[in-house]
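Structural features, examined
So the chains spell out like this:
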Amino acid sequence: MATGLVLYGYWRSSAAYRVRIALNLKGVEYESRPVHLVREGGEQHAAAFREVNPQEMVPCLLDGDRVITQSLAIMEYLDEKYPELETSLLPMDARGRARVRALAMVVACDTHPLGNLRVLQRLESQFGADEAQRAEWSRYWIDTSFKALEVMLADNAATGRYCHGDSPSMADICLVPQYYNALRWKLPLDAYPTVRRICEACNELETFQRAAPEAQPDAPVPA
């Protein structure tokens with residue numbers, strides 16, 4: 001579906017990764033405008049981008065003259081704007097929506113913020129944390145959440161092929177980028193068989209594959 005939407009993102013941003021998955025699941029076309037978060041101190045800090053998002057963060061979704069920030073808000077916006085499209089990112093029932101939102105927030109609110117780029121940069125600049133220490137920091141917080149998510153998913157009859165039933169939802173959209181980070185930081189995954197099974201099922205889908213970091217136009221070309 002042609003829409004005129006524009007997504008400001010970065011190939012390895014977990015939050016932008018979520019929005020790319022959501023756009024693909026909804027079947028909504030968009031223009032990608034990369035914002036390099038590292039080059040020249042970070043393009044997100046440039047005055048031109050601050051006019052788009054005063055938080056100096058990605059993702060941002062432009063819909064005409066509207067600017068929508070925060071990945072979960074963008075996902076709900078897409079679901080509400082395009083309710084007629086086949087894939088809904090949230091269940092129809094209140095109890096299901098609450099469960100999916102809770103699972104998504106374990107990642108989006110309690111895990112990802114502790115390991116995003118600006119936190120890792122602050123650990124380095126303020127406290128002298130080296131790469132190994134930053135990696136251990138990231139593994140600790142991902143492990144903490146994955147332990148909880150494993151119980152929440154394995155012990156609930158509502159879990160199906162995906163986090164909630166047999167269609168991907170906002171919970172899966174948040175989980176898969178965090179799983180990517182777990183692999184990146186070399187976190188052992190044997191303790192989370194349900195988390196791993198669900199992420200592997202998601203990554204078999206073309207909609208998730210097209211959203212993957214390495215598939216983005218601004219991803220570095222392998223040497």
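Bear in mind that the values here come from a model prediction, so they are computed numbers and not experimental data.

Bringing unusual backbone geometry into the picture now. Negative phi values dominate among residues other than glycine, just as trans dominates among peptide bonds. Going from V58 to P59, the amide bond is cis rather than trans, its omega being 10°. Tracing the sequence through the fold places P59 in the loop between α2 (47-52) and β3 (60-63). Positive phi outside glycine occurs at E56, with the angle close to 60°. For E56, the location among the structural elements is in the loop between α2 and β3.

Buried residues dominate strand β1 (residues 5-9), accounting for 5 of its 5 residues. Of the two faces of β1, the one holding L5, L7 and G9 and the one holding V6 and Y8 are both buried throughout. Pairing analysis gives 5 bridges linking β1 to strand β2 (residues 30-34), with the strands arranged parallel. Its bridge partner being in β2, Y8 is matched across the sheet by R33. With helix α1 (residues 14-26) bridging β1 and the parallel β2, this β-α-β connection has right-handed handedness. Inspection of the sheet shows β1 paired to β3 by 3 bridges, in the antiparallel sense. The partner of Y8 across the bridge, within β3, is C60.

Let us look at the UniProt feature "domain: GST C-terminal" (unreviewed entry) in the chain. According to UniProt, the positions carrying the feature "domain: GST C-terminal" (unreviewed entry) are residues 93-221. When the span residues 93-221 is considered, its composition is 66% helix and 0% strand, and the gap between its end C-alpha atoms is 44 Å.

Here we come to the nonpolar core. In this structure, F146, L149, L175 and V195 are the most contacted members of the largest nonpolar core, which totals 67 residues. Broken down by element, this core gets its largest block of residues, 9 residues, from helix α8 (residues 170-184). With sequence-adjacent residues up to four places away left out, L149 is seen in contact with L103, V106, V107, L175 and V195.

With respect to the helices and strands, the residue R20 is situated in helix α1. Setting aside residues up to four positions removed in sequence, R20 forms contacts with L7, Y10, W11, Y30, A211, A212, P213 and Q216.

Here the focus is the environment of R18. Structurally, the position occupied by R18 is in helix α1. Exposure remark for R18: the relative accessible area of 2% places this residue in the buried category. Spatially, the C-alpha atoms of R18 and P177 are 6.8 Å apart, while their sequence positions differ by 159 residues. Setting aside its immediate chain neighbours within four residues, R18 contacts S71, L72, M75, V107, A108, H112, I173, C174 and P177.

What counts and how
- Residues numbered from 1 in each chain as written.
- Predicted model: local features only at pLDDT ≥ 70, side-chain atom pairs only at ≥ 80, totals over all residues.
- Heavy atoms only, no water.
- Helix = DSSP H or I, 4+ residues; strand = E, 2+ residues; numbered from the N terminus.
- Buried < 20%, exposed > 50% of the residue type's maximum accessible area, 1.4 Å probe, protein only.
- Pairing = 2+ DSSP bridges.
- Right-handed = clockwise from strand over helix to strand, strands pointing away.
- UniProt positions renumbered as here; feature names shortened; annotations may be inferred.
- Core = buried A, V, L, I, M, F, W, Y, C linked by side-chain atoms within 4.5 Å.
- Contact = heavy atoms within 4.5 Å.

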